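# Reading the structure
Residue-level listing of the chains:
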Amino acid sequence: MSLLKFAVVAAAGIGIWVWLKQPGDPVSADARKHQGAIVHGLDREISSQLMCIHEGPFPFDTSARGRLPCQRCEDLKAAGLLTRSESPEATPERVAWRYELTDLGKALYTQEQDPVSGDRAPRLCLARTKVHHLASAQPALNISGRMAIGVDYVAEAVDPHPLAFDPAAQPLKLPVPARGVPALLPPVRTTVMLTPWGEFSETDPTFRYGSRVND
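Scope of this entry: the structure provided in the associated data block. Numbering of residues starts from 1 in each chain and follows the order in which that chain's sequence is written. With the structure being a predicted model, the display of local features is reserved for residues of pLDDT at least 70 and the display and counting of side-chain atom pairs for 80 or more, all residues being used for whole-chain, interface and lining totals. To get the side-chain values, all heavy atoms of the structure are used, and hydrogens and water are removed first.

### Let's talk about the pattern of salt bridges
A pair is scored as a salt bridge if a Lys or Arg side-chain nitrogen falls within 4 Å of a carboxyl oxygen belonging to Asp or Glu. Tallied over the full model, the rule gives 8 salt bridges. Glu 74 is the salt-bridge partner of Arg 84, the closest N and O atoms lying 3.0 Å from each other. Within this pair, whereas Arg 84 is found in strand β3 (residues 82–86), its partner Glu 74 is found in helix α4 (residues 73–78), the two being separated by 10 residues in sequence. Residues Asp 152 and Arg 189 are paired through a salt bridge, measuring 2.7 Å at the closest nitrogen-oxygen approach. On the criterion of sequence distance, the pair formed by Asp 152 in strand β9 (residues 146–158) and Arg 189 in strand β11 (residues 188–194) is long-range, its members being 37 residues apart. Taken together, the salt bridges that share partners define one network made up of Arg 72, Asp 75 and Lys 173. Only runs of H or I of at least four residues qualify as helices and only runs of E of at least two qualify as strands under DSSP, and these elements are numbered from the N terminus.

### A look at the sheet that holds strand β4 (residues 97–101)
Pairing is antiparallel across the open sheet formed by 3 strands, whose spatial order is β2-β4-β3. Two strands close off the open sheet at either side, each with one partner strand: β2 (60–61) and β3. As judged from the 2 bridges shared by β2 and β4, these two strands associate in the antiparallel manner. From the neighbouring strand, Phe 60 faces β4, where its bridge partner is Tyr 99. Note: two strands are recorded as paired if DSSP finds a minimum of 2 bridges between them.

### Let's talk about the sheet that holds strand β5 (residues 109–110)
Read from one edge of the open sheet, 3 strands run β1-β6-β5, paired in antiparallel fashion. Looking at the sheet topology across the chains shown, the edges are occupied by β1 (52–53) and β5. Bridge count for β1 against strand β6 (residues 123–125) is 2 bridges, and the pairing is antiparallel. By the bridge assignment for β6, Cys 52 is matched with Cys 125.

### Some remarks on the nonpolar core
A general feature of soluble globular proteins is that nonpolar side chains tend to end up buried together. To form a nonpolar core, buried Ala, Val, Leu, Ile, Met, Phe, Trp, Tyr and Cys residues must be joined to one another through side-chain atoms within 4.5 Å. Burial classes follow relative accessibility: with a 1.4 Å probe on protein chains only, a residue under 20% of its type's maximum area counts as buried, one over 50% as exposed, and anything between as partly exposed. Within the largest apolar cluster, 42 residues are counted, with the highest numbers of intra-cluster contacts made by Phe 58, Leu 126 and Leu 172. If you list the elements that add at least two residues to this core, you get α3 (35–46), α4, β4, β7 (128–137), β9 and β11. Among the elements that make up this core, the one with the highest residue count is β9 (6 residues). In this description, contact between two residues means that some pair of their heavy atoms is separated by no more than 4.5 Å. Residues in contact with Phe 58, not counting those within four places in the same chain, are Cys 73, Leu 76, Leu 82, Tyr 99, Leu 101, Tyr 109 and Leu 124.

### Details of the pairing of β9
For β9, the tally of buried residues reaches 12 of 13 residues, placing the bulk of the element in the interior. Judged from the 8 bridges that link them, β7 and β9 form a sheet pairing that is antiparallel. Its bridge partner being in β9, Ser 136 is matched across the sheet by Asp 152. Judged from the 3 bridges that link them, strand β8 (residues 141–143) and β9 form a sheet pairing that is antiparallel. Across the sheet, Leu 141 pairs through a bridge with Ala 148, a residue of β9. Here 7 bridges tie β9 to β11, and the two strands are oriented antiparallel to one another. Looking at β11, one finds that Met 147 is bridged to Leu 194.

### A closer look at the side chain of Asp 43
Structurally, Asp 43 is set in helix α3. Positive residues here are Lys and Arg, negative ones are Asp and Glu, while His and the chain termini are left out of the count. Despite its burial, Asp 43 remains without a salt bridge, the nearest opposite charge being carried by Arg 128 at 6.9 Å. Residue contacts for Asp 43: discarding those within four places in its chain leaves Val 116, Lys 130 and Val 131.

See below:
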């Protein structure tokens, strides 16, 4: 290889490295390389999750047989999204409640398919969410052929409802967006699992490695 060709190839290699990881960049070169797949996969996971409570359909009668319990109904009631009355099926020996959506609850309730995640489950959402940026990421760890990459990402609440900023929403235990545009949420720490060829597989927020083992 001529000296000129070597210089061109070397410069290109340096350029690629700079693009993958800038000096002091808290996001690893592995995460930069697979950033598109990571962000796209996280967007599918969080679009109808981070700012939503999955409960319903409503009205919800706790006396109904074969129906899973409404684990968040009391929280939704405390936030002003549901009313509670005694079920027509209640007896002196059996307490039963009927939960119905308030006007505010109706404004937040949906069973429409989420355009990103495909979620059709009944839910009350204060916003749709998407990844705004990766705040930090570890070098990849190979686990039985799969890549694990520990990441901290910051999500954005898209078109948040005013209730998202209201202390009245505290019983919902949802993250509170920063005021302004974009309405950013507190960082989330998880581990992204990728296939050997770099496609998003899943996340495992319980798995830690390297310097994050004790975090």
